[in-house]
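Close look at the chain arrangement
Given next are the chains, with one letter for each unit.
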Amino acid sequence: MRTNEISWNPMEAMNFTIANEDHNCYTFDMRNFDAARSVHMDHVSAVLSIDYSPTGKQFVTGSYDRSVRIFDESKGRSKEIYHTKRMQKVFSVLYSLDSKYVFSGSDDSNVRIWKSNASEDLGIQSPRQKEQQEYQDKLIERYSDLPEIRRIYKKRHVPKAIKNTQYTKSIIRQSQKRKEENRRKHSKPGSRPLKAERRKHILNIHD
């Protein structure tokens, strides 16, 4: 699949992430192209633009599915999603130099500004408010493995069109997985080795 844009990690000069037409982003280490370091999934259409935060820990993507997503550099799923009813296909995204804001340019001729952390209060806070916020963050981090906390923390509202497409894609993936497992069961042992998702999309490596 065609790559639409490449963004280099500003803190780890050997790592870069590509925005692809196959709805995914792939993070590579330029010293080893045998497999991607991470496959970032969640978009339901071509990823058109990508940009790393100055800290190198996150990156933002803009997609043909009319949404903006923020990913952790090492995680496969997005942590934030931004969308509006009027926003059209997102052709360009950019992080601010302080990592607090994200800019997006879309096909409806508008530039929008989003918070990189949707729940963060960017106003002036008293010392007591800062302590309370730090305490809440620590609680979430401590109990993030509990199913109830994880469900609430990761819950994001997505447009109906994206949700329906995600459901369709999940059915297709499950069908392909069952098909591959059946082929492996009825083939000569070792003739169809199990291939990791990070290696599936590597077609060829040129020196």
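One structure accompanies this document, and this report is about it. All values reported here derive from a predicted model rather than from experimental measurement.

Our next topic: the sheet that holds strand E1 (residues 3–8). Sheet architecture is open: 4 strands sit in the order E1-E2-E3-E4, paired in antiparallel fashion. Since the sheet does not close on itself, it has two edges, and those belong to E1 and strand E4 (38–40), each with one partner. Neighbour to neighbour, the strand axes of the sheet diverge by 20° on average, direction disregarded. As paired elements, strand E2 (residues 15–20) and strand E3 (residues 25–29) share 5 bridges and run antiparallel to each other. In the strand pairing of E3, Phe 16 is matched with Phe 28.

Spatially, 3 strands are ordered E9-E10-E11 in an open sheet, and the strand pairing comes out antiparallel. This sheet does not close on itself; its edge strands, each paired only once, are strand E9 (90–95) and strand E11 (111–115). The mean inter-strand angle of the sheet, taken between neighbouring strand axes irrespective of direction, is 25°. As judged from the 5 bridges shared by E9 and strand E10 (residues 101–106), these two strands associate in the antiparallel manner.

What follows is about the nonpolar core. One recurring pattern in soluble globular proteins is that nonpolar side chains are buried together. Membership of the largest hydrophobic core is limited to 10 residues, which are Val 60, Val 68, Ile 70, Tyr 82, Met 87, Val 90, Val 93, Tyr 95, Val 102 and Trp 114. For this core, the secondary structure elements donating two or more residues are strand E7 (68–72) and E9. With 3 residues, E9 is the largest single contributor of residues to this core. Judged by nonpolar contacts, the second largest core, of 7 residues, contains Cys 25, Val 47, Ile 50 and Phe 71.

Quick look at a negative patch on the surface now. A contiguous patch of negative charge on the surface is contributed by Glu 131, Glu 134, Asp 137 and Glu 141. Mapped onto the secondary structure, Glu 141 falls in helix H1 (residues 127–142). Since its relative accessible area comes to 56%, Glu 141 is described here as exposed.

Rules used throughout
Residues numbered from 1 in each chain as written. Predicted model: local features only at pLDDT ≥ 70, side-chain atom pairs only at ≥ 80, totals over all residues. Heavy atoms only, no water. Pairing = 2+ DSSP bridges. Helix = DSSP H or I, 4+ residues; strand = E, 2+ residues; numbered from the N terminus. Axes fitted to C-alpha atoms, helices over the stretch in contact; angles between N-to-C directions. Core = buried A, V, L, I, M, F, W, Y, C linked by side-chain atoms within 4.5 Å. Buried < 20%, exposed > 50% of the residue type's maximum accessible area, 1.4 Å probe, protein only. Patch = residues over 30% accessible without salt bridge, like charges linked within 9 Å, V, L, I, M, F, W, Y side chains within 5 Å. Areas by Shrake-Rupley, 256 points an atom, 1.4 Å probe, with all protein chains shown as cover. Salt bridge = Lys/Arg side-chain N within 4 Å of Asp/Glu carboxyl O. Lys, Arg positive; Asp, Glu negative; His and termini not counted. Charge placed at Lys NZ, Arg CZ, Asp CG, Glu CD.

Everything listed here is a matter of coordinates, which is why it stays silent on function.
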